[in-house]
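Breakdown of the fold
Below are the chains, spelled out letter by letter.
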Amino acid sequence: MRVLCGLKILIVDGDPDMREVTKLVLVHSRAQVISAATAYEGLEQLQAHRPDVIVSDIGMPQMDGYEFIRLVRNLPVQLGGQTPAVALTAFNLGTDRTRALKAGFQKHLSKPYDLQELIETVASVAGRPLV
């Protein structure tokens, strides 16, 4: 599937295995992927590379995904403040989904996620049709 072809995606996840699996799925769909192990590194990568979409874990040490996306949303547009974002998280109660959306994510996916659902969700927030 080439629906993500040409998209630059930033993955922010403290778990190296999950970060690598997510990266492989997105690269296989022809996306260009940048990854970060912490929210602080994610903020640096966001401003340095200006991705089209952010895929971020919620449960990270030092700074969680909620705080991360709030900091992203406070950035000026030219520094990535309006970059569409997907929360990928093991926190999967209805209240967690609501909290993620209120914090500034456009979509919330539960771990373990379905590979096709991840691709479709990233395409959706990027405004890409699924044809």
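An account of the accompanying structure is given in this report. A quick note: this is a predicted structure, and the numbers were derived from the prediction, not measured.

**A look at the overall build of the protein chain**
Looking only at helices and strands, the protein chain has five helices and five strands in total. Starting at the N terminus and walking to the C terminus, you meet the elements of the protein chain as β-α-β-α-β-α-β-α-β-α. Over its C-alpha trace the protein chain gives a radius of gyration of 13 Å, about what one expects of a compact globule, namely 14 Å for 131 residues. Each of the 131 residues in the protein chain was classed as buried or not, and the buried ones make up 47%. Pairs at least 24 apart in sequence give 63% of the contacts found in the protein chain among residues at least 6 apart. Seen as two clouds, the 14 positive and the 14 negative side-chain charges of the protein chain have centres 8 Å apart.

**Looking at unusual backbone geometry**
Pro-112 follows Lys-111 through a cis peptide bond whose omega is -5°. Within the element layout of this structure, Pro-112 appears in the loop between strand S5 (107-110) and helix H5 (115-125). At Arg-50, a residue that is not glycine, the phi angle is positive and equals roughly 45°. Mapped onto the elements, Arg-50 comes out in the loop between helix H2 (39-49) and strand S3 (53-57). Residue classification places Arg-50 among the partly exposed residues on the basis of a relative accessible area of 37%. One non-glycine residue, Gln-62, lies in positive phi territory at about 70°. Within the fold, Gln-62 resides in the loop between S3 and helix H3 (65-73). Given a relative accessible area of 68%, Gln-62 falls into the exposed group.

Reading the values: rules and limits
- Each chain carries its own residue numbering, running from 1 in the written order of its sequence.
- Confidence filtering applies because this is a predicted model: local features only for residues at pLDDT of at least 70, side-chain atom pairs given and counted only at 80 or more, and all residues used for totals across whole chains, interfaces and linings.
- Hydrogens are left out, water is left out, and the side-chain values use all remaining heavy atoms of the structure.
- Helix and strand assignments follow DSSP, with helices taken as H or I runs no shorter than four residues and strands as E runs no shorter than two, numbered in order from the N terminus.
- For this measure, only C-alpha atoms enter the radius of gyration; the expected value for a globule follows 2.2 Å times N^0.38, where N is the number of residues.
- Remark: exposure states derive from per-residue accessible area (1.4 Å probe, protein chains only) relative to the maximum for the residue type, with buried under 20%, exposed over 50%, and partly exposed in between.
- Working rule for contacts: check all heavy atoms of both residues, and any pair within 4.5 Å makes them a contact.
- A residue counts as positive if it is Lys or Arg and as negative if it is Asp or Glu; His and the chain ends are not included.
- The atoms used to mark charge sites are NZ of Lys, CZ of Arg, CG of Asp and CD of Glu.

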